[in-house]
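Coordinate analysis (summary)
Listed below, chain by chain, are the residues.
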Amino acid sequence: AEGRTLRILIISAPEDLARLDAIRADLQALADPVGTSAEQAAAIAARIPGVALLTHSIHGNEPAGFETAMQTVYQLLASEEPATMEILRNVITIINPTQNPDGHERFAAWNNSVTVAGGSDEPGALEQTEPWSVWGRFNHCRFDMNRDLVAQSQAETRALRGAIQRWRPQVVVDLHSTTSQYFFPPTARPMNRNIGTTAVKWEERFGRGNAMAFDARGWQYYVRDIFDAFYPGYVDSWPALSGATGMTYETDGGPEIRLRKEDGTVMTFEMGIAHHYVASLATLATLATHKLERLRDYWQFRVDGMAEARARTMKRVVVQPGRDPAHTARVMRLLAAQEVQVTRTTAPLTSAAAHDYVDGTTGRRTFPAGGYVIDLAQP
């Protein structure tokens, strides 16, 4: 809204960058269980790298992610140490430096204007309390975009959706900074069953990879908090409902330069950035190690989802234009933008056992032409 450009950075080994179009075509095929057989999916998984999307600071006043992005990018571009080279050979890393540049700029301008040199951990200091009128959590329209991936009302959200649909990442990490201790998955149970039985396995695997990196440095962290995936509008749950491993990471430094905790210890913004940086690299390393299995599971998620839908009693949803056909069409366009396949009938459609959503009645029903049909057995 304020004229800033949203950018993503695509980093991988030179040989993979040289064949990005072919890799992207393979990723689209992997996302299509109708046109891609198990044998074809296995061959694709064997010849392409995994894809991870690291997206930062959707809440603009959680700036540790924004700062971390620069360090992660520098490491991947400049380092030749073995672990980084292994990531480059096996992973295409997509960096979204900030999902909320307007909110971040609003917060940064305020923070830089009031923060004393080196930062103050005094709870009464002006820099410790961001005014509501400045609040950088939201974008220009004062909208919380980490709730928007259902309605997709904001331009920034639609841009993120496009990047996910274009690159089909198997791992999506949303980097925040609001907790008093570092958090990464696995999350607390119960788990949304619609994200598949393998979701638990991958949360555990990525969590253990992160834990090893933190343990090696003597850093504290916690897991199994309630960052649930039941609401599909979050940046972790929306891609998870299409087969990715979607995860929220919360660092314990920032937005304050120095934050005095309840136990009297002081956490610095610099340490919050360091924690995000190590977790990011550990996640990429885990994907590099298990990329073949993760790619296969991405395809299998969609196969299983279609098989489950075929076994259900309810096969499809029929939506009639009703009293507000323009609004109904808008909702159908929104579903289609999220790759839900919607068909419009050109002839009457009869169902022997239709269940009315509004009044609950069941029975034979004929729907006139011009209605919208959503078959549930679809990728």
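Residues numbered from 1 in each chain as written. Predicted model: local features only at pLDDT ≥ 70, side-chain atom pairs only at ≥ 80, totals over all residues. Heavy atoms only, no water.

A tally of regular secondary structure across the protein gives twelve helices and twelve strands. The C-alpha atoms of the protein give 23 Å as radius of gyration, which agrees with the globular expectation for 379 residues (21 Å, within 12%). Taken along its principal axes, the extent of the C-alpha atoms in the protein is 70 × 50 × 40 Å. Out of the 379 residues belonging to the protein, those deemed buried represent 50%. When contacts within the protein are restricted to residue pairs at least 6 apart in sequence, those whose partners lie at least 24 apart make up 77%. (Helix = DSSP H or I, 4+ residues; strand = E, 2+ residues; numbered from the N terminus. Rg over C-alpha atoms; globule rule 2.2 N^0.38 Å. Buried < 20%, exposed > 50% of the residue type's maximum accessible area, 1.4 Å probe, protein only. Contact = heavy atoms within 4.5 Å.)

Turning to the pattern of salt bridges, a few remarks are in order. Scanning all chains against the criterion turns up 22 salt bridges. A salt bridge links Arg137 to Glu62; its shortest N-O distance comes to 3.6 Å. Taken together, the residues Arg137 in the loop between α6 (101–114) and α7 (155–167) and Glu62 in the loop between β2 (50–56) and α4 (64–78) connect sequence positions 75 residues apart. Under the relative-accessibility criterion, Arg137 is labelled buried at 17%. On the accessibility criterion, Glu62 (3% relative accessible area) is buried. (Salt bridge = Lys/Arg side-chain N within 4 Å of Asp/Glu carboxyl O.)

For a regular strand, the rule is simple: side chains alternate between the two faces of the sheet. Along strand β5 (residues 245–250), six of the six residues are buried, which leaves the element largely enclosed by surrounding structure. The two faces of β5 match: Thr245, Met247 and Tyr249 on one face and Gly246, Thr248 and Glu250 on the other face are all buried. Here strand β4 (residues 171–176) runs beside β5; their pairing, made up of six bridges, is parallel. Within the sheet, the bridge partner assigned to Val171 lies in β5 and is Thr245. (Pairing = 2+ DSSP bridges.)

Quick look at the sheet that holds strand β9 (residues 343–344) now. The strand order across the open sheet formed by three strands is β8-β12-β9, and the pairing between neighbours is antiparallel. What marks the edges here is a single partner per strand, and that holds for β8 (316–319) and β9. Looking at chain direction, β9 and strand β12 (residues 372–375) are connected through two bridges and run antiparallel. Bridge pairing in β12 places Arg344 opposite Tyr372. Contacting β8 and β12, helix α12 (residues 325–337) crosses the sheet at an angle of about 30° to β12. (Axes fitted to C-alpha atoms, helices over the stretch in contact; angles between N-to-C directions.)

As a further point, take the side chain of Gln154. Relative to the assigned elements, Gln154 resides in the loop between α6 and α7. A polar side-chain atom of Gln154 sits 3.0 Å from a polar atom in the side chain of Ser153. Aside from chain neighbours lying at most four places away, what touches Gln154 is Asn139, Cys141, Phe143, Met145 and Asp148. (Polar contact = N/O pair within 3.5 Å; in protein donor to acceptor, adjacent residues only side chain to side chain.)

Leu76, Val91, Val171, Val173, Phe214, Tyr249 and Leu284 are the most contacted members of the largest nonpolar core, which has 33 residues in total. Mapped by element, the contributors of at least two residues to this core are β2, α4, α5 (82–90), β3 (91–96), β4, α8 (198–217), β5 and α10 (269–289). By residue number, the principal contributor to this core is α10, which donates nine residues. Those residues in contact with Tyr249 that sit more than four places away from it in its chain are Val173, Asp174, Leu175, His176, Tyr182, Phe183, Phe184, Pro185, Asn210, His276, Ala279 and Thr283. Listed in part, the 26 residues of the second largest apolar core include Leu30, Ala31, Ile44 and Tyr298. (Core = buried A, V, L, I, M, F, W, Y, C linked by side-chain atoms within 4.5 Å.)

A few words on the packing of α8 against helix α11 (residues 291–311). Their axes nearest at 12 Å, the elements α8 and α11 cross at an angle of 155°. It follows that α8 is roughly antiparallel to α11 by the angle criterion. Considering only the axes of α8 and α11, their crossing is left-handed. Between α8, through Thr198, Lys201, Trp202 and Arg205, and α11, the contact on the second element is made entirely by Glu293, Arg294 and Asp297. Across the contact of α8 with α11, the residue classes break down as one nonpolar, one polar and five charged. (Parallel < 35°, antiparallel > 145°, perpendicular 65-115°, else oblique. Left-handed = near helix turned anticlockwise from the far one by under 90°. Nonpolar A, V, L, I, M, F, W, Y, C, P; charged D, E, K, R; others polar.)

What follows is about unusual backbone geometry. Here the amide bond leading from Arg189 into Pro190 is cis, since omega sits at 10°, within 30 degrees of zero. Its location among the elements puts Pro190 in the loop between β4 and α8. Following Gly254, the chain continues to Pro255 via a peptide bond in cis, the omega torsion being 10°. Relative to the elements of secondary structure, Pro255 occurs in the loop between β5 and β6 (258–260). With phi around 55°, Ser57 is a residue other than glycine that occupies positive phi space. A residue is classified by how much of its surface remains accessible, and Ser57, at 1% relative accessible area, is buried.

What follows covers the packing of aromatic side chains. Aromatic rings considered in pairs are described by the distance between their centres and by the relative angle of their planes. Scanning all chains against the criterion turns up 13 aromatic pairs. Look at Phe184 and Tyr249: their rings are 6.5 Å apart centre to centre, the planes differ by 65°, and that puts the pair in the edge-to-face class. Residue Phe184 is found in the loop between β4 and α8, and its partner Tyr249 is found in strand β5; the two are separated by 65 residues along the sequence. With respect to class, Phe184 is no different from Tyr249; both count as buried. Three or more aromatic residues link up through ring pairs in this structure, and these residues are Tyr182, Phe184, Phe214, Trp219, Tyr221 and Tyr249. If you follow Arg205 out to its NZ or CZ, it ends over the ring of Trp202, 4.7 Å from the centre. In this arrangement the basic side chain of Arg217 is found over the ring face of Trp219, its NZ or CZ atom lying 5.8 Å from the centre. (Phe/Tyr/Trp six-rings, centres within 6.5 Å; stacked < 30°, edge-to-face > 60°. Lys NZ or Arg CZ within 6 Å of the ring centre and 35° of its normal.)

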